[in-house]
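# Geometric and topological summary
Residue strings, one per chain:
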Amino acid sequence: MTLAKAIITTLSYSNHFHYPLTMDELHVRLVGQKVVRKKLESEAKALIKSKAIETKAGFYFLPNQSILVKQRLLYDKLSKPLKDLAMSYVPILRRIPSVMAIYLTGSLAMNNTDGHDDIDLLVIARPGLLWTTRLLLTMYTSLLGLRRTPKTTNVMGKLCLNLYLTPDSYLIPVARRSLYTAYELVQMTPLYDPGSTHEELLTTNSWIKAYLPNYPLPITKTHRVSGTR
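What counts and what doesn't
Residues numbered from 1 in each chain as written. Predicted model: local features only at pLDDT ≥ 70, side-chain atom pairs only at ≥ 80, totals over all residues. Heavy atoms only, no water. Helix = DSSP H or I, 4+ residues; strand = E, 2+ residues; numbered from the N terminus. Rg over C-alpha atoms; globule rule 2.2 N^0.38 Å. Buried < 20%, exposed > 50% of the residue type's maximum accessible area, 1.4 Å probe, protein only. Contact = heavy atoms within 4.5 Å. Salt bridge = Lys/Arg side-chain N within 4 Å of Asp/Glu carboxyl O. Pairing = 2+ DSSP bridges. 1 Å grid on protein atoms, 1.4 Å probe; cavity = no way out; pocket = protein on both sides within 12 Å on 5 of 7 lines; lining within 4 Å. Points joined across faces, edges and corners; volume = space filled by probe spheres on them. Nonpolar A, V, L, I, M, F, W, Y, C, P; charged D, E, K, R; others polar. Axes fitted to C-alpha atoms, helices over the stretch in contact; angles between N-to-C directions. Right-handed = clockwise from strand over helix to strand, strands pointing away. Expected span 1.5 Å × (residues − 1). Arc of directions from axis to C-beta.

Another aspect to go through is the overall build of the protein chain. Counting its secondary structure elements, the protein chain contains nine helices and seven strands. In summary, the protein chain has a C-alpha radius of gyration of 19 Å against a globular reference of 17 Å for 229 residues, a match within 12%. Taken along its principal axes, the extent of the C-alpha atoms in the protein chain is 55 × 40 × 30 Å. Buried positions account for 45% of the 229 residues belonging to the protein chain. Looking at the protein chain alone, contacts between residues at least 24 apart form 69% of all its contacts between residues at least 6 apart.

Listed below in structure tokens is the structure:
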């Protein structure tokens, strides 16, 4: 894949989510191409000149998609109250002793909502206690009326607790490794992470670099070996 095609592929992927990218974002999310920032900027300028891509207010996007810049800036503001609400739930959720960390995932982690969405969370549970943690959180959040269920009519601010991991299951199985999963991992936002699970989660899944070679994985003293399962 040429650098030009990698840029267009990356912007095309982001376009599915109506999300134009800054140059910093384009660099770390560039699909399948290891490149220095200066060369990326030069190639982007050439693509703009040939009208293959466009730019506005520091964002890059496909042709005739400039409306997405206005939407992104608006959604960034509209997402903040929902993010604050998600943060307010942390003291409640961490009452379950086996909860090691809580991550915000999905579109809200990217500030890319209209402010009326539910709140997608990933929970890191202590080893051997994943199903116990899941059961307790399901019961607890249901009793408090915080959990989104199939019968929920107004999903705004409701918790969607569908993703659970433990330190023993950080490594994503080969069958589930994809560009989509790589993006999901790098876009997660820790809301509660006293044990720095975020660094280990990312370094354990070093296969991310096969899809996003410019993404700077954290450097840790110890981390699990990224093999196959």
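Looking now at the pattern of salt bridges. Close approach of charged atoms allows side chains of opposite charge to pair. Throughout the structure, instances matching the rule amount to five salt bridges. A salt bridge links Glu-25 to Arg-72, with the shortest nitrogen-to-oxygen separation between them at 2.7 Å. Within this pair, whereas Glu-25 is found in helix 2 (residues 23–29), its partner Arg-72 is found in helix 4 (residues 67–93), the two being separated by 47 residues in sequence. Given a relative accessible area of 13%, Arg-72 falls into the buried group. Between Asp-84 and Lys-80 there is a salt bridge whose closest N-O contact spans 3.1 Å.

A few words now on the sheet that holds strand 1 (residues 21–22). Strand-to-strand pairing in sheets goes through backbone hydrogen bonds, with the strands running parallel or antiparallel. Taken together, three strands build an open sheet; the order of strands is 1-3-2 and the sheet is antiparallel. Two strands bound the open sheet, and with one partner strand each, they are strand 1 and strand 2 (54–56). Sheet analysis places strand 2 next to strand 3 (residues 59–61), joined by three bridges and oriented antiparallel. Paired with Thr-55 across the two strands is Tyr-60, which belongs to strand 3.

A few words now on helix 8 (residues 197–204). Burial within helix 8 is extensive, with six of its eight residues counted as buried. Taken together, the buried positions of helix 8 are Thr-197, His-198, Leu-201, Leu-202, Thr-203 and Thr-204.

Let us look at the layout of surface pockets. Of the pockets and cavities examined, the largest pocket occupies roughly 370 Å³. As for the largest pocket, its lining consists of 18 residues, of which Leu-122, Leu-163, Arg-176, Glu-184 and Met-188 are closest to the centre. Of all elements in the fold, only strand 5 (119–125), helix 6 (130–143), strand 6 (159–165) and helix 7 (179–187) reach the threshold of two or more residues within the lining of the largest pocket. Ranked by residue count, the leading element in the lining of the largest pocket is strand 6, at five residues. Partitioned by chemical class, the residues of the lining of the largest pocket number 11 nonpolar, three polar and four charged. Approximately 250 Å³ is the volume found for the second largest pocket. In this structure, the second largest pocket is lined by 13 residues; those nearest its centre are Phe-17, Ser-107, Met-110, Glu-184 and Gln-187. Listing elements by their share of the lining of the second largest pocket, those giving two or more residues are helix 1 (3–15), helix 5 (106–109) and helix 7. Examining the composition of the lining of the second largest pocket, we find that four residues originate from one element, helix 7, more than from any other. Along the lines of polarity and charge, the residues of the lining of the second largest pocket split into six nonpolar, five polar and two charged.

Here we have four strands laid out as an open sheet, ordered 6-5-4-7, and mixed in their pairing. The two strands at the open ends of the sheet, each matched to only one other strand, are strand 6 and strand 7 (189–192). The mean angle between the axes of side-by-side strands here comes to 35 degrees, regardless of whether they run parallel or antiparallel. Two elements, strand 4 (residues 99–104) and strand 7, share three bridges in a ladder whose sense is antiparallel. Bridge pairing in strand 7 links Ile-102 to Tyr-192.

The next subject is the pairing of strand 6. By the criterion of burial, strand 6 is predominantly enclosed, with five of the seven residues buried. One ladder, built from five bridges, connects strand 5 with strand 6; its direction is parallel. Bridged to Ile-119 within strand 6 is Leu-159. Taken together, strand 5, helix 6 and strand 6 form a β-α-β motif whose crossover is right-handed.

So, about helix 1. The terminal C-alpha atoms of helix 1 lie 18 Å apart, and with 13 residues this matches the ideal 18 Å at 1.5 Å per residue to within 8%. Listed in full, the buried residues belonging to helix 1 are Leu-3, Ala-6, Ile-7, Thr-10, Leu-11, Tyr-13 and Ser-14. In a view along the axis of helix 1, the buried residues occupy a sector of 155 degrees, so they form one face of it. In the core, the buried residues of helix 1 are packed alongside strand 1, helix 2, helix 3 (37–49), strand 3 and helix 7.

Honestly, it's all geometry; don't read function into it.
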